[in-house]
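Structure assessment
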There are 2 protein chains.
Amino acid sequence: MRGTNYCGFSPPPESALPHYSARIYVTLRPSVLDPAGTAVQSGLAHMGYDNVGPIRIGKYIELTLDAENEAAASQQLDRMCDQLLANPVIENYRFELQTLATA
Amino acid sequence: MRGTNYCGFSPPPESALPHYSARIYVTLRPSVLDPAGTAVQSGLAHMGYDNVGPIRIGKYIELTLDAENEAAASQQLDRMCDQLLANPVIENYRFELQTLATA
């Protein structure tokens, strides 16, 4: 019955996996100095915003991926963060997963 | 009664304003190319993660500030983002404000 589209129902092709959207937050570990954050805080103070405390600057990564299920997507994200997206020696990461409609 | 600390109650000094914690997300506008994101996607594909879609990389900023109330804190964050933290020509920003216990 592939290719039929009665009643607006269209089964996904066999190879289609669920789509997930991920938001990844990479932050410096608390024990690591953040010179960029210090520079921004100093810049803000010079602009008159002297009521601002210490600033930490991290990365915010948005991506989509296909995986069999949420657990598999989560595992893969952990590996990707450890291997490429974050530097585990000086950075922490956390992510949020959201299921997207299957195409 | 300043300085007294009966029953664990310690009034803040007159000058103390409420503390707010802000999480700011700065992202490239959708119409702007993200070469760093493309490079990361290509890197992941070379590592075997070829089920990952387009990647967008932004900034994630954490800071604390003192302000009279939440509206004032929000207004100041808007000005700080427009003037220094984000480039409004190519970037969007959004932030979350959280009230911290007054010191």
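The structure under discussion appears in the preceding block.
First, a word on scope: everything that follows refers to the structure included in this document. (Residues numbered from 1 in each chain as written. Chains lettered and ligands numbered in written order. Predicted model: local features only at pLDDT ≥ 70, side-chain atom pairs only at ≥ 80, totals over all residues. Heavy atoms only, no water.)

What follows covers the overall build of chain A. Counting its secondary structure elements, chain A contains 2 helices and 3 strands. Scanning chain A from its N terminus toward the C terminus, one meets helices and strands in the order β-α-β-α-β. Counting the 103 residues in chain A, one finds 29% classified as buried. Taking contacts inside chain A between residues at least 6 apart in sequence as the whole, the part at least 24 apart equals 72%. (Helix = DSSP H or I, 4+ residues; strand = E, 2+ residues; numbered from the N terminus. Buried < 20%, exposed > 50% of the residue type's maximum accessible area, 1.4 Å probe, protein only. Contact = heavy atoms within 4.5 Å.)

Between chain B and chain A, the contact holds 30 residues from the first and 31 residues from the second. The largest per-residue losses of area from chain B upon contact with chain A belong to Y49(B), N51(B) and Y60(B), which jointly make up 23% of the total buried on that side. At the surface where chain B touches chain A, the tally comes to 0 salt bridges. Taken together, chain B and chain A are joined by 16 residue pairs in polar contact (both at pLDDT 80 or more). Mapped by element, the contributors of at least two residues to the side of chain B that touches chain A are β1 (19–28), α1 (35–46), β2 (52–66) and α2 (70–85) of chain B. The biggest single contributor to the side of chain B that touches chain A is β2(B), with 15 residues. (Buried area = accessible area lost by both parts, 1.4 Å probe. Salt bridge = Lys/Arg side-chain N within 4 Å of Asp/Glu carboxyl O. Polar contact = N/O pair within 3.5 Å; in protein donor to acceptor, adjacent residues only side chain to side chain.)

Another point: the packing of helix α1 (residues 35–46) of chain A against α2(B). The contact between α1(A) and α2(B) brings their axes to 11 Å, and the two run at 110 degrees. With respect to α2(B), the element α1(A) is oriented roughly perpendicular. Regarding α1(A) and α2(B), the two cross each other, and that crossing is right-handed. Mapping the contact onto sequence places V40(A), G43(A) and L44(A) in α1(A) and M80(B), L84(B) and L85(B) in α2(B). For the contact of α1(A) with α2(B), the per-class residue count stands at 5 nonpolar, 1 polar and no charged. (Axes fitted to C-alpha atoms, helices over the stretch in contact; angles between N-to-C directions. Parallel < 35°, antiparallel > 145°, perpendicular 65-115°, else oblique. Left-handed = near helix turned anticlockwise from the far one by under 90°. Nonpolar A, V, L, I, M, F, W, Y, C, P; charged D, E, K, R; others polar.)

Quick look at the side chain of E91(B) now. Residue and element names in this part refer to chain B. Structurally, E91 can be placed in strand β3 (residues 91–100). No salt bridge is formed by the buried E91, whose closest oppositely charged neighbour, K59, lies at an N-O distance of 4.3 Å. Looking at E91, its side chain comes within polar contact range of the main-chain nitrogen of N87, at 2.7 Å. Among residues more than four places away in sequence, those in contact with E91 are V26, T27, L28, R29, K59 and A86. (Lys, Arg positive; Asp, Glu negative; His and termini not counted.)

This brings us to the relation of the copies chain B and chain A. Each copy of the chain is related to the other by a rotation around an axis and a translation along that axis. With an axial shift of 0.0 Å and an RMSD of 0.0 Å, the rotation relating chain B to chain A amounts to 180 degrees. What the rotation and shift describe, once combined, is the action of a two-fold rotation axis. When C-alpha distances to the rotation axis are compared across chain B, the minimum falls at K59(B), with a value of 2.3 Å. (Least-squares fit on C-alpha atoms with pLDDT ≥ 70 in both.)

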